[in-house]
Number of protein chains: 2
Amino acid sequence: MRLAIDVMGGDQGPRAIIEGSAKAVIERPDIELTLFGPRQRIIAELSRLPQPLAAAASRLVACDVSDAVPPSASAAWALRRGHETSMARMLRYVAEGGAHAGLSAGNTAALVALSRRELGMISGFSRPAISTAIPSRGGRRCYLLDLGANVDSPASRLVDFAVLGAAMAHCIDGIDRPRVALLNVGAEATKGSVTVRETDHLLRECASSLPFVYLGYAEGGDIFQGEIDVMVCDGFVGNVTLKASEGLTRMLVERVQWAFESRLCGRLASVLAKPVLKRLKQELDPVRYNGASLLGLKRIVVKSHGSAGADGFYYAIQRALQEVERDLPTQLASRWS
Amino acid sequence: MRLAIDVMGGDQGPRAIIEGSAKAVIERPDIELTLFGPRQRIIAELSRLPQPLAAAASRLVACDVSDAVPPSASAAWALRRGHETSMARMLRYVAEGGAHAGLSAGNTAALVALSRRELGMISGFSRPAISTAIPSRGGRRCYLLDLGANVDSPASRLVDFAVLGAAMAHCIDGIDRPRVALLNVGAEATKGSVTVRETDHLLRECASSLPFVYLGYAEGGDIFQGEIDVMVCDGFVGNVTLKASEGLTRMLVERVQWAFESRLCGRLASVLAKPVLKRLKQELDPVRYNGASLLGLKRIVVKSHGSAGADGFYYAIQRALQEVERDLPTQLASRWS
């Protein structure tokens, strides 16, 4: 399997991305990565890789691109002037069949706009949606979308999100008929914004022909209950909810740690509680859930958090590999569009 | 201090509300509560109060009202046909000076609509906003608003939320110049919905004359960072964010408990970890943060979660008492409108 990586755009620069890439390559002998960015910087970072990762250098091919999308660029800027950036070049490489999937930690608006232009949409979908799986009760997960590619989405686009999310739950998690809900401020029919009520109406109209179970409205807390596979919302709401959840998880994990450290006396705490806390911290770490999928495109594109370190980028690569293995776009085009 | 309580409308019926009321009265000899609902039910619940609370019965006065707002009623229904419900009667009692504040666990849309009609708005504000304080890092808190009274809010109303939230942080928490931010999907000026960008423009235009510090855009995770006193958003976004945070907190606390119980062997766990976990669970329990304020009204109204038990309702009463002590509406009218 071949992946194309845009090394520019992460908050920590190319180093974290290249280290995460090396880690993935070492672990899986069947993958090859092409790195898009300034060759000198890539080579410098490759030569600096710590020992167990240094062996990966030969399977990380550099493709020299000097331009990059600035973090604050708009979608319009990317479309007008971003043609020769590392992000656009990486996407064209995927479009031309050089790689099975592309990854970037760069500007989301630019990635959405350039992906749509360079890769094209699967027939029936007008714009990519961004989704990620949120861990919920009982070891299950809930795909939340959109996460910010589309703010002020009309009802017809929210219906697209329902289909795209259901396809994701079906292909990746093997759920036969995913349970899809529409995020709202209450379960009653009179509640919600005009757009959400219109979406509910559209989904109910075609409920019998949908390849998923439409559950109607659900509330914010239901994301974590383990009874919904796909939660549909506008990109503004999804983005805020995801980031609030990540921030809250970090705060609560810190607080749990503090509670144990301050209330169990020194030696006992270090012997008993620390190993449990350490493992718990790893399990809940948002880094493990890094990587959001751009859905509806003809090829696979995964967006990494801009703030991701090497481990976070490594997890985003895992997500891309999973989608390649399940051949998500082909399944989407044949069964779901 | 006198409070008026609508005993109808909570998911658990009048019992939890009356028990929570009794608990508040026992704790504070200086308060008196008037309970609005069917007299026979109120009397039956009062006679069933468990022992330490039974002494409260004499300071809980029943006001007989047989009608109640149905859980699924719309604001329009409440305005047209809810005139003689326990909620409307409770609010009129507050309007006529019978009590310093009113509380209900009933239908939010009805409470907002009826409060506005029965109590009236402070000059300069067109509709009530709902807000609650969310615990953030370092023992601080962040007022989030609106929480669902206003979906599809225009920019001018989001500006009102900023003023109302800042007044709350000033009056209740004693913060001289509260730090106010606008919730968005990113910090860059090009990001966000049309309404949010327009709100940012309006707030920047009048920044020098505002009685608070306007920080610009912030993201979902910033709610918990402890560096923002007031986070402004549309009611749809605020409602989803609050409910998601509550659901996530419950799930994480369960998971922490499970991690310790399954990984520390029996006796050791019960001796060492359980007391810490129990206290932590209490500290993080959303029940403790129950009670959201309806802001912008001429009198104090607090909304309890519909699902609140006796303890939850007790905390909502504490919030109302705090607002009565600080005389929030008078301060709002004189300094902030």
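Residues numbered from 1 in each chain as written. Chains lettered and ligands numbered in written order. Predicted model: local features only at pLDDT ≥ 70, side-chain atom pairs only at ≥ 80, totals over all residues. Heavy atoms only, no water.

- Looking at an unreviewed UniProt entry, one finds chain A named Phosphate acyltransferase, with Vreelandella piezotolerans as its source organism.
- Quoted verbatim from the Subcellular location (unreviewed entry) heading of the UniProt record, the comment on chain A is "Cytoplasm". (UniProt positions renumbered as here; feature names shortened; annotations may be inferred.)

Re the sheet that holds strand β1 (residues 2-6) of chain B
Residue and element names in this part refer to chain B.
Reasoning step 1: Read from one edge of the open sheet, 11 strands run β3-β2-β1-β4-β11-β10-β5-β6-β9-β7-β8, paired in mixed fashion. At either margin of the open sheet sits one strand with a lone partner, and together these are β3 (60-64) and β8 (213-218). On average, each strand axis in the sheet is inclined to that of its neighbour by 25°, with strand direction left out of account.
Reasoning step 2: As defined by bridge partners, strand β6 (residues 141-145) adjoins strand β9 (residues 230-232) across 3 bridges and the pair is classed as parallel. The residue bridging Tyr143 from the neighbouring strand is Val230, located in β9. (Pairing = 2+ DSSP bridges. Helix = DSSP H or I, 4+ residues; strand = E, 2+ residues; numbered from the N terminus. Axes fitted to C-alpha atoms, helices over the stretch in contact; angles between N-to-C directions.)

Some points on unusual backbone geometry
Residue and element names in this part refer to chain A.
Reasoning step 1: Looking along the chain, the bond that leaves Leu145 and enters Asp146 is cis, with omega of 5°.
Reasoning step 2: Turning to its location among the elements, Asp146 is positioned in the loop between β6 (141-145) and α7 (155-173).
Reasoning step 3: Phi at Asp152 is positive, roughly 55°, even though this residue is not glycine.
Reasoning step 4: Structurally, the position occupied by Asp152 is in the loop between β6 and α7.

What to know about the domain arrangement of chain A
All names here are of chain A.
Reasoning step 1: Per the domain assignment, the segments of chain A are domain 1 (1-125 + 296-337) and domain 2 (129-288).
Reasoning step 2: Placing a centre on the C-alpha atoms of domain 1 and another on those of domain 2 gives a separation of 25 Å.
Reasoning step 3: Counting residues at the interface gives 18 residues for domain 1, matched by 20 residues for domain 2.
Reasoning step 4: Across the domain 1 to domain 2 interface the summed buried area is about 1,700 Å²; carbon plus sulfur atoms make up 67%.
Reasoning step 5: The interface formed by domain 1 and domain 2 includes 0 salt bridges.
Reasoning step 6: There are 4 residue pairs in polar contact (both at pLDDT 80 or more) connecting domain 1 and domain 2.
Reasoning step 7: Looking at the side of domain 1 that touches domain 2, the elements that each hand over two or more residues are α6 (108-119), α11 (310-326) and α12 (328-336).
Reasoning step 8: Here the residues of the side of domain 1 that touches domain 2 are counted per class, giving 6 nonpolar, 7 polar and 5 charged. (Domains from an automatic or database assignment. Contact = heavy atoms within 4.5 Å. Buried area = accessible area lost by both parts, 1.4 Å probe. Salt bridge = Lys/Arg side-chain N within 4 Å of Asp/Glu carboxyl O. Polar contact = N/O pair within 3.5 Å; in protein donor to acceptor, adjacent residues only side chain to side chain. Nonpolar A, V, L, I, M, F, W, Y, C, P; charged D, E, K, R; others polar.)

A word on the environment of Val163 of chain A
All names here are of chain A.
Reasoning step 1: Relative to the helices and strands, Val163 resides in helix α7.
Reasoning step 2: According to the relative accessible area criterion, Val163 is buried, its value standing at 12%.
Reasoning step 3: For the pair formed by Val163 and Asp311, sequence separation is 148 residues and the distance between their alpha carbons is 31 Å.
Reasoning step 4: Dropping the residues within four chain positions of it, Val163 is found in contact with Phe125, Phe212 and Trp336. (Buried < 20%, exposed > 50% of the residue type's maximum accessible area, 1.4 Å probe, protein only.)

Regarding helix α1 (residues 14-27) of chain B
Residue and element names in this part refer to chain B.
Reasoning step 1: With 14 residues, α1 extends 20 Å from end C-alpha to end C-alpha; this agrees with the ideal 20 Å at 1.5 Å per step.
Reasoning step 2: Pro14, Ala16, Ile17, Ile18, Gly20, Ser21, Ala22, Ala24 and Val25 are the residues of α1 that are buried.
Reasoning step 3: Where α1 is buried, its residues contact β1, β2 (32-37), α2 (39-47), α3 (51-54), β3 and α11 (310-326). (Expected span 1.5 Å × (residues − 1).)

Digging into the pattern of salt bridges
Reasoning step 1: Across all of its chains, the model carries 28 salt bridges over all chains by this definition.
Reasoning step 2: Between Lys23 of chain B and Asp311 of chain B there is a salt bridge, with the nearest N and O atoms lying 3.0 Å from each other. Within this pair, whereas Lys23 of chain B is found in helix α1, its partner Asp311 of chain B is found in helix α11, the two being separated by 288 residues in sequence.
Reasoning step 3: In this structure Asp311 of chain B comes out as partly exposed when scored by relative accessible area, which is 42%.
Reasoning step 4: Where Arg28 of chain B meets Glu325 of chain B, a salt bridge forms, and the shortest distance between an N and an O atom there is 3.0 Å. Of this pair, Arg28 of chain B sits in the loop between α1 and β2 while Glu325 of chain B sits in helix α11, and the two are 297 residues apart along the sequence.
Reasoning step 5: Each of the salt bridges in this network shares a partner with another, and the network as a whole consists of Glu84, Arg89, Arg92, Arg117 and Glu118 of chain A.

Notes on the relation of the copies chain B and chain A
Reasoning step 1: Once chain B is rotated about the relating axis by 180° and shifted along it by 0.0 Å, it coincides with chain A to within an RMSD of 0.0 Å. These values place the two chain copies in the arrangement generated by a two-fold rotation axis. (Least-squares fit on C-alpha atoms with pLDDT ≥ 70 in both.)

Let's talk about the interface of chain B and chain A
Reports of interface size often rely on the accessible area that becomes lost once the parts have come together.
Reasoning step 1: Taken residue by residue, the interface counts 53 residues in chain B and 53 residues in chain A.
Reasoning step 2: Both faces combined, the contact of chain B with chain A buries some 4,900 Å², and carbon together with sulfur accounts for 71% of it.
Reasoning step 3: Inspection of the region where chain B meets chain A yields 4 salt bridges.
Reasoning step 4: Taking the shortest distance from any N to any O, the salt bridge between Arg137 of chain A and Glu254 of chain B comes out at 2.5 Å.
Reasoning step 5: Across the contact surface, chain B and chain A share 10 residue pairs in polar contact (both at pLDDT 80 or more).
Reasoning step 6: Secondary structure elements with two or more residues in the side of chain B that touches chain A: α8 (194-205), α9 (235-263) and α10 (266-284) of chain B.
Reasoning step 7: When its residues are assigned to classes, the side of chain B that touches chain A shows 27 nonpolar, 15 polar and 11 charged.

Topic: the sheet that holds strand β5 (residues 129-135) of chain A
Residues and elements named next belong to chain A.
Reasoning step 1: Within the open sheet, the 11 strands sit side by side as β3-β2-β1-β4-β11-β10-β5-β6-β9-β7-β8. Their pairing is mixed. The strands lining the two open edges of the sheet, one partner per strand, are β3 (60-64) and β8 (213-218). Strand-to-strand twist in this sheet, taken as the mean axis angle between neighbours without regard to direction, amounts to 25°.
Reasoning step 2: Pairing between β5 and β6: 5 bridges, direction antiparallel. Of the residues in β6, the one forming a bridge with Pro135 is Arg141.

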